[in-house]
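Reading the structure
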Amino acid sequence: MSTIEQNKFNLEGELLKIHTYPSAILKKVAEPVTEFDAALKELCQNMLFTMYKAPGIGLAAPQIGVSKRIFVMDIDYKRDVEEFPDGREEYTLSNFNPRILINPKFIRKEGQQVYEEGCLSVPGMYEEVTRAAEVTVEFQDTDGHFHTLEAEGLLAVCLQHENDHLDGIVFIDRISFVKRNLIQKN
Ligand code: QAP
Ligand code: CO
């Protein structure tokens, strides 16, 4: 559970293991979600917890070993870490804006933009990737209700990066093979 006061958020949840490149799970095409139950809500909550703790701005289910068409993201939050003498750490988020997208489907992609991307599954590696500048995506929430989201800039980049994970694509699959070879040798 989480405590919310004045747009502050003390993180609680289960920390999930993030699978790193070149794990086989990252290559699989994920399955659509068909059951909108309590287990799905708990999974999404734990994914958000894991993303905020990392910290990251997006996390897709295949990255935590679940081959389902789900991702979470938040491009707006600020995070403060408080360390206690006993080594315990407490995280306080402000300005948080968690998003959960289930069974996302792009219905519009326009223009081009280049952004230097990273990925929790490829730690320490950042490369420029070319993607659509503006997108419209349809998705379901944890209750199975349908929504439409229009995005540009970083939000559009993040949506496309996370959706790629659901199709077994990691951002370094979209850069030149010369650079990719260098990464694989490290
Ligand atoms: C995807 O990426 C993304 O290498 C989310 O050592 C990235 O949250 C979308 C991270 C850029 C749009 C633009 C990466 C954390 C986090 C690392 C992330 C690292 C620690 C990446
Ligand atoms: Co990623």
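Refer to the preceding data block for the structure.
For the structure given in this document, a descriptive report is provided here. (Residues numbered from 1 in each chain as written. Chains lettered and ligands numbered in written order. Predicted model: local features only at pLDDT ≥ 70, side-chain atom pairs only at ≥ 80, totals over all residues. Heavy atoms only, no water.)

1. Side note on the overall build of the protein chain
Quick reminder of the rule: Elements are defined by DSSP. Helices are runs of H or I of four residues or more, strands are runs of E of two residues or more, and each kind is numbered from the N terminus. For a compact globule the rule gives 2.2 Å times the number of residues to the power 0.38, and the radius of gyration it is set against comes from C-alpha atoms. Working rule for contacts: check all heavy atoms of both residues, and any pair within 4.5 Å makes them a contact. Areas reported here follow the Shrake-Rupley algorithm with a probe of radius 1.4 Å; residue values treat only the protein chains shown as occluding. Charge counting treats Lys and Arg as positive and Asp and Glu as negative, with His and both chain ends excluded. To locate a charge, the coordinates of NZ of Lys, CZ of Arg, CG of Asp or CD of Glu are taken.
Regarding its fold elements, the protein chain presents three helices and 11 strands. What you see in the protein chain, going N to C, is helices and strands ordered as β-β-α-β-β-β-β-β-β-β-β-β-α-α. Against the globule reference of 16 Å for 186 residues, the protein chain gives a C-alpha radius of gyration of 17 Å, in line with a compact fold. Reported as C-alpha extents along the three principal axes, the dimensions of the protein chain are approximately 45 × 40 × 30 Å. Contacts spanning at least 24 positions in sequence make up 66% of the contacts within the protein chain whose residues lie at least 6 apart. Approximately 10,200 Å² of the protein chain is accessible, and the part contributed by carbon and sulfur atoms is 49%. Where the 20 positive side-chain charges of the protein chain centre and where its 30 negative ones centre are 7 Å apart.

2. Considerations on the pairing of strand β11 (residues 146–152)
Note the cut-off: Pairing between strands requires that DSSP locate at least two bridges from one strand to the other.
In this sheet, β11 lies alongside strand β10 (residues 134–140) in antiparallel orientation, the contact comprising seven bridges. Opposite V135, over in β11, you have A151 as the bridge partner. Linking β10 back to β11 in an antiparallel pair, the connection comprises five residues, with G144 at a positive phi of about 90°.

3. Structural notes on the coordination of the cobalt ion (ligand 2)
Reference geometry at the metal: tetrahedral coordination by four donors gives ideal angles of 109.5 degrees; octahedral coordination by six donors gives 90 or 180 degrees. How we decide: Counted as coordinating are nitrogen, oxygen and sulfur atoms within 2.8 Å of the metal, or 3.2 Å for Na, K and Ca, while water is not included, which may make sites look incomplete. Partly exposed residues are those whose accessible area sits between 20% and 50% of the maximum for their type, while under 20% is buried and over 50% is exposed, using a 1.4 Å probe and protein chains only.
Looking at the metal site, the cobalt ion (ligand 2) is ligated by C119 (SG), H161 (NE2) and H165 (NE2), spaced 2.1 to 2.3 Å from it. In terms of primary sequence, the donors binding the cobalt ion (ligand 2) are separated according to C-x41-H-x3-H. With C119 in the loop between β8 (113–117) and β9 (127–131) and H165 in helix α2 (residues 153–166), this pair connects stretches of sequence that are 46 residues apart. Each of the two residues, C119 as well as H165, counts as buried.

4. Some remarks on the site of ligand 1
Put simply, the rule is: It suffices for a single heavy atom of a residue to lie within 4 Å of a molecule or strand for the residue to be listed as near it. What qualifies as a polar contact is a pair of N or O atoms within 3.5 Å, subject to a donor-acceptor requirement within protein and to the restriction that residues adjacent in sequence count only when both atoms come from side chains. Think of it as three bins: nonpolar holds Ala, Val, Leu, Ile, Met, Phe, Trp, Tyr, Cys and Pro, charged holds Asp, Glu, Lys and Arg, and polar takes everything else, Gly as well.
Taken together, 19 residues surround ligand 1, and among them G56, I57, G118, G124 and Y126 come closest. Contacts to ligand 1 include G124, whose backbone N or O atom sits 2.7 Å from an oxygen atom. Interatomic distance of 3.1 Å between a side-chain N/O atom of Y126 and an oxygen atom of ligand 1. In the complex, 84% of the free accessible area of ligand 1, which totals 500 Å², lies under the protein chains. Where the shell around ligand 1 is concerned, the elements lending two or more residues are β8 and α2. For the shell around ligand 1, the leading source of residues is α2, giving five residues. Its residues assigned to classes, the shell around ligand 1 shows 12 nonpolar, five polar and two charged.

5. Structural notes on the sheet that holds β10
Definition in use: Here an axis means a line fitted to C-alpha atoms, over the contact stretch when the element is a helix, while the angle between two N-to-C directions is reported on a 0 to 180 degree scale.
Reading across from one edge, β3-β4-β7-β10-β11 is the order of the five strands in this open sheet, with antiparallel pairing throughout. The sheet is open, and its two edges are formed by β3 (58–60) and β11, each paired on a single side. Going across the sheet, the axis of each strand differs from the next one's by a mean of 40°, ignoring polarity. Inspection of the sheet shows strand β7 (residues 99–110) paired to β10 by six bridges, in the antiparallel sense. Looking at the pairing, I102 lines up with Q140 of β10.

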